Amino acid sequence: MGVLVAGYGVSHTAMMIRKYRPEDPAQLRVHQAFGRLRDEIARLAPDLIVVVGSEHLNSFGYDAFPQICVGIGDACTGWGDGGVAAARLPLAGGFAAQLLEDGLEAGFDLAFSANPRIDHAFMAPLTLIRPQMDIPVVPVFQNSSTEPLPPLWRSAELGELVRDVVHRRPSAERVVLLGTGGLSHWVATPKMGAVNTDFDRRFLGLVQAGDLDSLVTMKTADVVAEAGNGAPEIRNWITVMAAQRSLAHVFAYESVPDWATGIALARLFPRDQP
């Protein structure tokens with residue numbers, strides 16, 4: 001039986017790396033928070049990290065765009081997009097295969113990608129959290145940008161599936177969950193660069209309270225209208241929250257117009273330092 005040792009939510013814009021200016025206090029605080037998370041994960045020594053991220057029309061196109069796709073195989077490779085260096089990472093193939101099989105059995109019409117390419121949604125946070133790229137990962141792509149978008153409660157059900165797979169594993173694997181994306185941001189629109197701090201702080205308040213029920217009743221169209229076409233990436237945080245309900249601890253929140261994003265990092269479970 002595997003063990004869920006911790007779950008985290010982090011923003012994933014590549015501008016955190018490409019446009020980092022340490023003389024900017026807000027940007028420095030973000031990187032310091034990533035440093036704290038880096039140290040925490042090193043101390044936890046997980047056997048694998050399940051990374052739930054979005055897709056930005058790099059690995060998939062409009063000819064075939066999955067709602068949820070599990071990366072399977074032996075390795076995954078970064079696209080090197082957005083100014084984030086490409087890298088090759090080991091893929092936890094046994095866990096990925098069971099997630100795919102158990103998901104289909106549970107009624108999820110999951111797609112799969114063998115030895116997938118992964119973009120900045122995965123590579124930017126991993127570069128800051130585990131630059132050695134030596135912990136096996138399971139990349140889970142979740143559609144956050146291309147209509148039609150699934151309801152947020154479906155993302156919560158995905159988290160419950162991941163939890164159940166962890167508990168059914170034949171060995172005592174230590175598993176960390178990482179949801180990436182958000183918060184408020186507009187992509188390739190006239191509002192690009194804007195940040196809605198009211199939305200972000202309200203969202204983080206619900207996260208800190210562990211109020212998953214309120215989050216999953218939010219309508220995606222309302223999220224887009226209020227917080228931008230990039231904000232539905234909060235579904236990746238919801239997936240992690242649903243895997244183990246808990247009060248959360250927010251490491252940092254900064255409105256960073258230079259990065260065109262409301263940036264946040266949080267330990268979604270457990271509330272206290274593991």
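Refer to the structure printed above.
Rules used throughout
Residues numbered from 1 in each chain as written. Predicted model: local features only at pLDDT ≥ 70, side-chain atom pairs only at ≥ 80, totals over all residues. Heavy atoms only, no water. Pairing = 2+ DSSP bridges. Helix = DSSP H or I, 4+ residues; strand = E, 2+ residues; numbered from the N terminus. Axes fitted to C-alpha atoms, helices over the stretch in contact; angles between N-to-C directions. Parallel < 35°, antiparallel > 145°, perpendicular 65-115°, else oblique. Contact = heavy atoms within 4.5 Å. Nonpolar A, V, L, I, M, F, W, Y, C, P; charged D, E, K, R; others polar. Salt bridge = Lys/Arg side-chain N within 4 Å of Asp/Glu carboxyl O. Buried < 20%, exposed > 50% of the residue type's maximum accessible area, 1.4 Å probe, protein only.

### Some points on the sheet that holds strand E5 (residues 88–90)
Each strand in a sheet pairs with another by means of backbone hydrogen bonds, the pair being arranged parallel or else antiparallel.
Then comes step 1: Pairing is mixed in the open sheet, where three strands are placed in the order E5-E4-E7. Each edge of the sheet is formed by a strand with only one pairing partner; in this case those strands are E5 and strand E7 (117–118).
Then comes step 2: Sheet analysis places strand E4 (residues 75–78) next to E7, joined by two bridges and oriented parallel. Residue Thr77 lies in a different strand from E7, and its bridge partner there is Arg117.

### Description of the packing of helix H6 (residues 197–208) against helix H9 (residues 234–243)
Between two packed helices, both the angle of their axes relative to each other and the distance between the axes serve to describe the pair.
Then comes step 1: In the contact formed by H6 and H9, the axes pass within 12 Å of each other and the chain directions differ by 10°. Classified by the angle between their axes, H6 and H9 sit roughly parallel to one another. From H6, Phe199, Phe203, Leu204, Leu206 and Val207 reach across to H9, where they touch Ile234, Trp237 and Met241.
Then comes step 2: In the contact of H6 with H9, the residues fall into eight nonpolar, no polar and no charged.

### Section: the pattern of salt bridges
Then comes step 1: This model, assessed by the stated rule, comprises twelve salt bridges.
Then comes step 2: The salt bridge partner of Glu23 is Arg21, with a shortest N-O separation of 3.5 Å.
Then comes step 3: Given the relative accessible area of 57%, Glu23 is considered exposed.
Then comes step 4: Residue classification places Arg21 among the partly exposed positions, given a relative accessible area of 32%.
Then comes step 5: The salt bridge involving Asp213 is made with Arg245; its shortest N-O contact spans 3.2 Å.

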